[in-house]
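Read off the chains here:
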Amino acid sequence: MTKLVINPNKKVSKINKEIYGHFSEHLGRCIYEGLYVGEDSPIENVNGMRTDVVNALKEMRIPVLRWPGGCFADEYHWMDGIGPKEERKKIINTHWGGVVEDNSFGTHEFFELCRQLGCETYINGNLGSGTVREMSEWVEYMTFEGVSPMAELRAKNGHEEPWKVDFFGVGNENWGCGGNMNPDYYANEYRRYQTYVRDYKADHKIQKVCCGANVDDYDWTKGVLSTCFSHSLPIQHGFMDGLSLHYYVHPEGWEIKGSATDFDEKVWYKTLNKALFIEELIKGHETIMDEYDPKKEIAMIVDEWGTWFTCEPGTNPGFLYQQNTMRDALVAGLTLNIFNKHSDRIKMANIAQMVNVLQAVILTEGEKMIKTPTYHVFNMYKYHQDAALVDSSIETKNIGADDEYQVPNLTESVSVDSEGVMHITVTNLSVEEAYDIDAVVIDRAIGEIKGEILTNEMHAMNTFEEPDVVKTENFDKVTVTDKGLSFTIPACSVIHLAVK
Ligand code: AHR
């Protein structure tokens, strides 16, 4: 028996709903085809947004969406994407496949999409190749209510009312595609640009996100924070609300990456081992953040994470289209458990990317749409959104096909929602072994239990021909014991139990 101990009365931190956030870039078929098909499309849509995709994302309770990039953001000039569509500039998407970007999806369309989804908005500004004035005017265009050139332009383009910008990224990957800057240079630019990201209304606070590190580039975090926090007395409240972190899992490294569907047990464990590395990264960057911000007022924002495999054979390599298997489901399940456990510092995360790109929750092909195994994990974990993380721990043992890439057999996290329902999510990383779990629940009665499970063999995936190979099933094999509850978690599975 494996012991899981839960203390539901010991609340640790709030799991911000934004931890379950998403990212959509002008990349491949994410925006065009995946989300936006245009009003004249034969595919069912509302104001150009695919109805099937919008409905699936709403069911999964998407809390926040980041846009327009990614690398694309630091080359995006927002004025190209407003006004009559036929007059919008056609440009080449130099980062992603060299295809024509006709700017038919711009600021108005993004806010319309978020309105339909009922989610918060995270805009990523252009610091790499845009001016301070351009960034400042975009914020004015989106949020100013009253008499101003940008508010008038917005009204002329059909939207009298300002929109709500919840988060604003001041550049993206400025250590790389966003301008190849060094930390000191970027930090000074951050200080300057963010000054003009204004809150025009007292009750409309835009949360500003500073560009953080790639993977374990701790020098970036140190350099950016030391320059940002030097010679500025006092730093105003809201100067920096978040610092980002990007981490992608490539089983065979950045150059080779590795197939999304063709892998053996060794690569299974190697992938999961690399996914688990995110916890070390969180701790490493957090230690540096703690020096400058011991009260944890600046959020860690993992605004790009997920698997990045070799793209599907026969597809445009610049489109980053990949299939999604049970391996992706396990990566999502264990990563979200880790984020929950670090929700005192992590306040938002955005899986890359929402539709048709990298570890997508949805894939489309013409009028067809499928939900990936990763979708089902987000759908099972949605109950953690805005719930209180409670103290819990599980006994684990190391497993794996070779010594180098060992992983713990199980991961878990537990929360209690506003109605008092306890949500337990557990992942079993083993490809062959089931585990009997004996959960001790301290000082709490066990009421009605509803369970759901996602389980299959490691390569299982959904295709356009067979869309429901991997899907959640009811899980009712839970026994109430004198100390809590017990159940058996099958190999290669993710479980969610809701306990009243
Ligand atoms: O998500 C794909 C790309 O990965 C993003 O554009 C960039 O920010 C990152 O390098």
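Being a predicted model, the structure only gives us computed values, none of them experimental. Note that residues are indexed from 1 along each chain, following the sequence as it is written. Residues qualify for local features only when their pLDDT is at least 70, as the model is predicted, and side-chain atom pairs are given and counted only at 80 or more; totals for whole chains, interfaces and linings, by contrast, use all residues. Side-chain metrics in this entry use all non-hydrogen atoms of the structure; hydrogen atoms and water are not considered.

Participant: So what exactly am I meant to see when it comes to helix H6 (residues 218–228) here?
Facilitator: Along an α-helix, a turn takes 3.6 residues, which lines up residues three or four apart on a common side. A 1.4 Å probe rolled over the protein chains alone gives each residue an accessible area, and that area as a share of the maximum for its type sets the label: buried under 20%, exposed over 50%, partly exposed in between. Numbered from the N terminus, helices here are DSSP runs of H or I no shorter than four residues, and strands are runs of E no shorter than two. Listed as buried for H6 are Trp 220, Thr 221, Gly 223, Val 224, Leu 225, Thr 227 and Cys 228. We call two residues contacting when some pair of their heavy atoms lies within 4.5 Å. The secondary structure elements touched by the buried residues of H6 are helix H5 (183–195), strand S10 (207–214), strand S11 (242–249) and helix H8 (265–292).

Participant: How do you make sense of the nonpolar core when you look at a structure like this?
Facilitator: As a rule of thumb, soluble globular proteins bury nonpolar side chains together. Working definition of a nonpolar core: buried Ala, Val, Leu, Ile, Met, Phe, Trp, Tyr and Cys residues. They are joined through side-chain atoms within 4.5 Å. Counting residues in hydrophobic clusters, the biggest one holds 141 residues, and the most contacted among them are Leu 57, Phe 168, Tyr 186, Phe 339 and Phe 487. Per element, the largest residue contribution to this core is 11 residues, and it comes from H8. Where a domain begins and ends is set by an automatic assignment or by a domain database. Taken together, domain 1 (2–7 + 391–499) and domain 2 (16–385) each give at least three residues to this core, which thus spans both. Tyr 186 has contacts with Leu 127, Val 170, Asn 174, Met 181, Cys 210, Cys 211, Trp 220 and Val 224, leaving out every residue within four places of it along the chain. With seven residues, the next largest nonpolar core counts Val 64, Phe 167, Ala 299 and Ile 301 among its residues.

Participant: How do you make sense of the environment of Phe 378 when you look at a structure like this?
Facilitator: By secondary structure assignment, the location of Phe 378 is in helix H10 (residues 373–381). Accessibility expressed as a relative area gives 2% for Phe 378, which makes it buried. Sequence separation between Phe 378 and Met 60 is 318 residues; the distance between their C-alpha atoms is 6.5 Å. Setting aside chain neighbours within four positions, we find Phe 378 in contact with Tyr 20, Gly 21, His 22, Met 60, Trp 305, Leu 336, Ile 351 and Val 361.

Participant: Just checking my understanding: could you explain the sheet that holds strand S22 (residues 449–455) for this structure?
Facilitator: Note on sheets: strands pair through backbone hydrogen bonds, and any given pair is parallel or antiparallel. A pair of strands is treated as paired once DSSP finds two or more bridges between them. Spatial strand order, S23-S22-S26-S20-S19-S16-S1-S21-S25-S24: 10 strands in an open sheet with mixed pairing. Taken across any chain shown, the strands that pair with only one partner, and hence form the sheet edges, are strand S23 (473–474) and strand S24 (478–480). Across seven bridges, strand S19 (residues 410–416) lies against strand S20 (residues 422–428) in antiparallel orientation. From the neighbouring strand, Glu 412 faces S20, where its bridge partner is Val 426.

Participant: Sorry, what's going on with the side chain of Asp 293 here?
Facilitator: Relative to the assigned elements, Asp 293 resides in the loop between H8 and strand S12 (299–307). Among the residues examined, Asp 293 registers a relative accessible area of 6% and is labelled buried. Those residues within four positions of Asp 293 in sequence are excluded, and the remaining contacts are Ile 298 and Arg 345.

Participant: Please clarify how the pairing of S19 should be interpreted in this entry.
Facilitator: In regular strands, side chains alternate between the two faces of the sheet. Of all the seven residues making up S19, seven are buried; the element is thus mostly covered by neighbouring parts of the structure. Burial of the side chains of S19 extends over both faces: Leu 410, Glu 412, Val 414 and Val 416 are buried on one face and Thr 411, Ser 413 and Ser 415 on the other. Examined bridge by bridge, strand S16 (residues 388–394) and S19 share two bridges and lie antiparallel to one another. Across the sheet, the residue bridging to Leu 389 is Ser 415, located in S19. Once S19 ends, the chain turns through five residues before running back antiparallel as S20, passing Gly 420 with a positive phi of about 90°.

Participant: Whenever I open this one, the site of the ligand confuses me. Can you help?
Facilitator: If you check the shell around the ligand, you find 13 residues, and the closest are Glu 25, Cys 71, Glu 173, Tyr 248 and Glu 304. Pairs of N or O atoms are called polar contacts if they sit within 3.5 Å, as long as, within protein, a hydrogen donor faces a hydrogen acceptor (for residues adjacent in sequence, only side-chain-to-side-chain pairs). The separation between an oxygen atom of the ligand and a polar main-chain atom of Cys 71 is 2.9 Å. Glu 304 places a side-chain nitrogen or oxygen 2.8 Å from an oxygen atom of the ligand. Look at the ligand: alone it shows 280 Å² of surface, and the protein chains cover 93% of it. The rule for a residue being near a molecule or strand is that one of its heavy atoms must lie within 4 Å of it. Here the Shrake-Rupley method, with its probe set to 1.4 Å, supplies the accessible areas, and only the displayed protein chains count as covering residues.

Participant: Hey, could you run me through the pairing of S20 in this one?
Facilitator: With seven of its seven residues buried, S20 lies for the most part within the structure. Alternating positions in S20 separate into two faces, Met 422, Ile 424, Val 426 and Asn 428 on one and His 423, Thr 425 and Thr 427 on the other, with burial throughout. Here S20 pairs with strand S26 (residues 493–499) via seven bridges, running antiparallel. Looking across to S26, one finds that Thr 425 is bridged to His 496.

Participant: Even after reading the chapter, I still don't get the sheet that holds strand S9 (residues 167–170), so can you show me in this structure?
Facilitator: Spatially, S2-S5-S8-S9-S10-S11-S12-S13 is the arrangement adopted by the eight strands of the closed barrel, whose pairing is parallel. For this sheet the average axis-to-axis angle between neighbouring strands, irrespective of direction, equals 30°. Bridging between strand S2 (residues 21–23) and strand S5 (residues 64–67) involves two bridges; their strand directions are parallel. Within S5, the residue paired with Phe 23 across the bridge is Arg 66. Running at roughly 170° to S12, helix H9 (residues 326–341) makes contact with S12 and strand S13 (346–352) of the sheet. To obtain each axis, a line is fitted to C-alpha atoms, and for helices this fit is confined to the stretch in contact; angles are then taken between N-to-C directions over 0 to 180 degrees.

Participant: Just checking my understanding: could you explain the state of the cysteines for this structure?
Facilitator: Note on terminology: a disulfide is the covalent bond linking the sulfur atoms of two cysteines. What counts as a disulfide here is a pair of cysteine sulfur atoms lying within 2.5 Å. What the rule picks out here adds up to one disulfide. Here Cys 71 is linked by a disulfide to Cys 177, with a sulfur-sulfur distance of 2.2 Å. Disulfide Cys 71-Cys 177: the torsion about the S-S bond is -90°, which places it as left-handed. Note that Cys 71 is positioned in the loop between S5 and strand S6 (91–92) and Cys 177 in the loop between S9 and H5, a separation of 106 residues in sequence. Residue class for Cys 177 comes out partly exposed when judged on its relative accessible area of 27%. No disulfide involves Cys 30; its sulfur sits 12 Å from that of Cys 114, the nearest cysteine. We classify Cys 30 as buried; its relative accessible area is 0%.

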